[in-house]
Amino acid sequence: MAWCFPYHGALPPARLWPDRVTSSASAPLIELRNVSVGYGDRVILNGVNLKLERGKVLALIGTSGGGKTTVLRLLGRQLRPLSGQVLFDGQDLAPLDLAGLYAVRRRMGMLFQFGALFTDLTVFENVAFPLREHTDLPEAMIRDLVLMKLNAVGLRGARDLLPSEVSGGMARRVALARAIALDPDLVLYDEPFAGLDPISLGVAARLIRDLNDALGLTSVIVSHDLHETFEIADVVAMVANGRVVAQGTPDELRHSDDPLVRQFVGAQADGPVRFHQPAKPVAEDFGVQP
Ligand SMILES: Nc1ncnc2c1ncn2[C@@H]1O[C@H](COP(=O)(O)OP(=O)(O)OP(=O)(O)O)[C@@H](O)[C@H]1O
């Protein structure tokens, strides 16, 4: 059965900020320029360069603990780089004051691992939350916008349910509707497919791509589900060993000669990525003679 995008012929994707000024369409929406970042004195990423044009879907893949979520935190400025620049729509995020940061974050939607819905709020109220927080729109307009977003993810009929009353796949779609409630320019997805069954996973992935295209979004997805992610991404960047070790189209990564990329994309246990974290010699830890 062909995937049917719920907007078809029904509700047009209304823009909340029709007069928003953005830089030229061809300029990258996000850019990391020679960025190094860490936690405390531990450097996680070193000299990372990354660009994403408007309208594109970027997948960040790579070994666990490699720094993918850290890239999302840089983009949302939950973290500042030790050196280098993180640009959003041409604007360096580091020097922004609170008001500037607030304005930039309003242009970003975020979907956290497992959706993170407010458990005491209905589906409707979850999606309305950012609209109530960030705008003074009248209630009637909030209602229309929420229903439009819920319609886009196929859940207009589930508006009165609590998160505990919907399936995992539906909850993820509610989280997606909430992430796009404010008509963001950029949507950041941290493991949007974690814990979903294969059908819900496929639906969620297709929805991310369709919403990206229909609403003119730009998306960054951190995911371990390579198959689905490669299906919907325009660009894939692999993060490992503190660097972006490969960047290209899904096909380019699939056919890469880089041993690290081959190990990861081919799901091989052995290769440049070691199974064991660096540790003292076994003999020393277990008190035995070598
Ligand atoms: N708040 C923090 N304080 C200290 N270290 C952190 C913090 N958050 C992450 N780290 C460390 O930074 C490194 C990168 O973490 P990050 O979450 O970005 O990796 P990841 O690639 O998203 O991993 P995964 O795929 O397992 O989610 C890890 O070694 C992690 O232990």
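The coordinates are above.
This text gives an overview of the structure that appears in the document.

Here is what the cut-offs are and how they apply
Residues numbered from 1 in each chain as written. Predicted model: local features only at pLDDT ≥ 70, side-chain atom pairs only at ≥ 80, totals over all residues. Heavy atoms only, no water. Near = heavy atom within 4 Å. Polar contact = N/O pair within 3.5 Å; in protein donor to acceptor, adjacent residues only side chain to side chain. Areas by Shrake-Rupley, 256 points an atom, 1.4 Å probe, with all protein chains shown as cover. Helix = DSSP H or I, 4+ residues; strand = E, 2+ residues; numbered from the N terminus. Nonpolar A, V, L, I, M, F, W, Y, C, P; charged D, E, K, R; others polar. Pairing = 2+ DSSP bridges. Buried < 20%, exposed > 50% of the residue type's maximum accessible area, 1.4 Å probe, protein only. Core = buried A, V, L, I, M, F, W, Y, C linked by side-chain atoms within 4.5 Å. Axes fitted to C-alpha atoms, helices over the stretch in contact; angles between N-to-C directions. Expected span 1.5 Å × (residues − 1). Contact = heavy atoms within 4.5 Å.

### Concerning the site of the ligand
Ser64, Gly65, Lys68, Thr69 and Thr70 are the nearest of the 13 residues found near the ligand. A distance of 2.7 Å separates an oxygen atom of the ligand from a polar atom in the backbone of glycine 65. Side-chain polar atom of lysine 68 to an oxygen atom of the ligand: 2.7 Å apart, as the coordinates give it. For the ligand, whose unbound accessible area comes to 640 Å², protein coverage reaches 65%. Of all elements in the fold, only strand E2 (42–53) and helix H1 (68–75) reach the threshold of two or more residues within the shell around the ligand. In terms of residue count, H1 provides more of the shell around the ligand than any other element does, four residues in total. Grouping the constituent residues of the shell around the ligand by class yields two nonpolar, eight polar and three charged.

### Concerning the pairing of E2
Two elements, strand E1 (residues 28–39) and E2, share eight bridges in a ladder whose sense is antiparallel. Across the sheet, residue valine 37 finds its bridge partner in E2, namely leucine 45. The antiparallel hairpin formed by E1 and E2 contains two residues in its connecting segment, where glycine 40 sits at a positive phi of about 60°.

### Quick word on unusual backbone geometry
The phi dihedral of asparagine 34 is positive, around 50°, even though this residue is not glycine. Along the chain, asparagine 34 falls in strand E1. On the basis of relative accessibility, which here comes to 47%, the residue asparagine 34 falls in the partly exposed class. One non-glycine residue with positive phi stands out, namely aspartate 183, at about 50°.

### Thoughts on the nonpolar core
In terms of nonpolar packing, the biggest core is built from 54 residues, with Leu211 and Met238 touching the most fellow members. Ranked by size, the runner-up nonpolar core spans 29 residues in total, among them Ile44, Leu58, Leu60 and Met108.

### Structural notes on the sheet that holds strand E9 (residues 235–240)
Read across the open sheet, the six strands follow the order E6-E7-E8-E3-E9-E10; overall the sheet is mixed. Looking at strand neighbours, the two that pair on one side only are strand E6 (108–111) and strand E10 (243–248), the edges of this open sheet. Adjacent strand axes in the sheet meet at a mean angle of 15°, parallel and antiparallel pairs treated alike. Inspection of the sheet shows strand E3 (residues 57–62) paired to strand E8 (residues 218–222) by four bridges, in the parallel sense. Directly across from leucine 58, in E8, lies its bridge partner valine 220.

### Focus: helix H6 (residues 198–214)
Helix length check: H6, at 17 residues, gives a terminal C-alpha distance of 24 Å against a target of 24 Å (1.5 Å per residue), a fit within 8%. Within H6, burial applies to Ser200, Leu201, Ala204, Ala205, Leu207, Ile208, Arg209, Asp210, Leu211 and Asn212. Its buried side turned inward, H6 meets E3, helix H4 (139–152), helix H5 (168–179), strand E7 (186–190), E8 and helix H7 (226–232). Its side-chain oxygen 2.9 Å from the backbone nitrogen of isoleucine 199, aspartate 197 forms the N-cap of H6.

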